[in-house]
Amino acid sequence: MWNGIFKVLVIFMVFISFVQSNDKTFKNCNSTLTFDDGPHPETTPILLEQLKEKNVKNAIFFLIGDRIAQYPELVKKIQSYQYDIGYHSMHHTNQAKMTANEIHQDIQEFKNTLNQALESNYDLKYARPPFGGMTQKSVKLFKELETTGKLKQQTLNDEFNAQLIARQVRETYQANGLQTLLWNVDFKDWEQRIDMNHAREQFVPNLKQIWLFHEMPSYKGTIFNNQITEDLPQFLNFLCEQY
Ligand SMILES: [Zn+2]
């Protein structure tokens, strides 16, 4: 009988150690994960579960106003998971070509749409302009930072933004109390699968890095089949191993 109990105990201990080894979560993670262009019924609920499962604390969903109006229940869901919601414009227009007044109107419309979806006043803090709100000249500079590996090292502060983001975009965001946030690492996941080698190359320990992802399953069959929900778990495992 004791032999049997011993066997059960050993099996139980092996099981516990297996569970523990697979239960790595974000403890002191500096990284912030950002998801642009949602919400989307095919991705948002799955992403939320994947983030929660790994205990990811810092995630921002940069939403498009049109999609908020279309899927208010998904916006409520993001809030219920206690992740942040950021401004990514009403219609995904390049704001480097808009006037300050047009941008201001867009922010107001976005806030109204968001508050309506949530049925409460949301304390909107972050903004990311579509296409980075960059002028043609700054797009070149941004690509240079990316190819030389300097982008991954950047602290994303006002000084950094001033080099890249069109003045009317930056100033209007600021006037509306929004902190502008670009990104350190881009997987170009609107045209390719997430490459884990790229993740390893781009990761900088102890730096507050911002990782960019997209929710674009509607591109299926036309441009590229964005498979963020299939690729994210692997990325989260990698990131959790670093902490
Ligand atoms: Zn976008």
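Per-chain numbering applies: the sequence of each chain, read as written, is numbered from 1 onward. For this predicted model, a pLDDT threshold of at least 70 governs which residues receive local features, and a threshold of 80 or more governs which side-chain atom pairs are given and counted, while totals over whole chains, interfaces and linings are taken from all residues.

Draft legend 1. Spotlight on helix H5 (residues 100-118). Helix numbering and strand numbering both begin at the N terminus, where a helix is a DSSP run of H or I of at least 4 residues and a strand a DSSP run of E of at least 2. Given a helix with a known number of residues, its expected span is that number minus one, times 1.5 Å. With 19 residues, H5 should cover 27 Å at 1.5 Å per step; its first-to-last C-alpha distance of 27 Å lies within 8% of that length. Those residues of H5 not exposed but buried are Ile103, Asp106, Ile107, Phe110, Thr113, Leu114 and Ala117. Buried residues of H5, viewed axially, fall in a sector of 130°; they line one side. Pointing more than 90 degrees away from the buried face of H5 are the exposed residues Asn101 and Gln108. In this description, any two residues whose backbone-derived C-beta atoms lie within 7 Å of each other are considered to be in contact. Lining the buried residues of H5 we find helix H3 (65-70), helix H4 (72-80), strand S3 (84-87) and helix H8 (167-175). One or two steps after H5, the chain reaches Glu119, where phi turns positive at roughly 55°. Exposure in this text rests on C-beta crowding, where 20 or more other C-beta atoms within 10 Å of a residue's own make it buried, 12 or fewer make it exposed, and counts in between make it partly exposed. The C-beta atoms are placed from the backbone. The arc in question is the one traced by the directions running from the helix axis out to the C-beta atoms.

Draft legend 2. Examining H4 more closely. For H4, the full list of buried residues reads Leu74, Val75 and Ile78. The buried residues of H4 all sit within an arc of 105° when viewed along its axis, so they share a single face. Residues of H4 that are exposed and point over 90 degrees away from its buried face: Glu73 and Ser80. Tucked inside the fold, the buried residues of H4 contact helix H2 (44-53), strand S2 (59-63), H3, S3 and H5. Residue Gln82 follows H4 closely and has a positive phi angle near 65°.

Draft legend 3. Highlighting the packing of H5 against H8. Think of each axis as a best-fit line through the C-alpha atoms, taken over the contacting stretch in the case of a helix, with angles from 0 to 180 degrees between the N-to-C directions. One way to put it is that H5 packs onto H8 with a least axis distance of 9 Å and a crossing angle of 45°. Overall, the two elements H5 and H8 adopt an arrangement that is oblique. Every pair of crossing elements has a handedness; the one defined by H5 and H8 is right-handed. Residues Ala100, Ile103 and His104 of H5 form the contact with H8, whose participating residues are Gln168, Val169, Glu171 and Thr172. Note that Gly is not counted as nonpolar here; it falls among the polar residues with everything else outside the nonpolar set of Ala, Val, Leu, Ile, Met, Phe, Trp, Tyr, Cys and Pro and the charged set of Asp, Glu, Lys and Arg. A class-by-class count of the residues in the contact of H5 with H8 yields three nonpolar, three polar and one charged. We call two directions roughly parallel when the angle between them is under 35 degrees, roughly antiparallel when it is over 145, roughly perpendicular when it lies between 65 and 115, and oblique otherwise. Crossings are sorted by hand: turned counterclockwise from the far helix by less than a right angle, the near helix makes the crossing left-handed, and turned clockwise it makes it right-handed.

Draft legend 4. Representation of the nonpolar core. Phe61, Leu63, Val75, Ile78 and Phe213 are the most contacted members of the largest nonpolar core, which totals 47 residues. Residues within four places of Val75 in sequence aside, it is in contact with Pro39, Leu63, Ile68, Ile85, Leu114, Ala117 and Leu118. To count as a nonpolar core, a set of buried Ala, Val, Leu, Ile, Met, Phe, Trp, Tyr and Cys residues must be joined through C-beta atoms within 7 Å.

Draft legend 5. Seen up close, the pairing of strand S7 (residues 210-214). For S7, the tally of buried residues reaches five of five residues, placing the bulk of the element in the interior. A two-sided burial pattern is seen for S7, the buried positions comprising Ile210, Leu212 and His214 on one face and Trp211 and Phe213 on the other. Paired strands, in this sense, are two strands between which DSSP finds at least two bridges. Where strand S6 (residues 185-186) and S7 come together, two bridges link them in parallel fashion. When the sheet's bridge partners are listed, Asp186 is paired in S7 with Leu212. A right-handed crossover is one whose linking path, passing over the helix from the first strand to the second, runs clockwise when the strands point away from the viewer. Once you follow S6 into helix H9 (residues 196-202) and on to S7, the crossover reads as right-handed.

Draft legend 6. Geometry of unusual backbone geometry. A cis amide bond, omega 0°, links Gly38 with the succeeding residue Pro39. Here Pro39 shows up in the loop between strand S1 (32-38) and H2. In this structure, Lys188 is a non-glycine residue whose phi angle is positive, near 50°. Assignment of secondary structure puts Lys188 in the loop between S6 and H9.

Draft legend 7. The arrangement of the confidence of the model for the protein chain in detail. For every residue, the pLDDT score states the predictor's confidence, bounded by 0 at the bottom and 100 at the top. Looking at the protein chain as a whole, the pLDDT averages 89, with 86% of positions reaching at least 70. A low-confidence stretch, residues 16-21 (pLDDT under 50), is modelled with zero contacts involving residues beyond four sequence positions or located in other chains.

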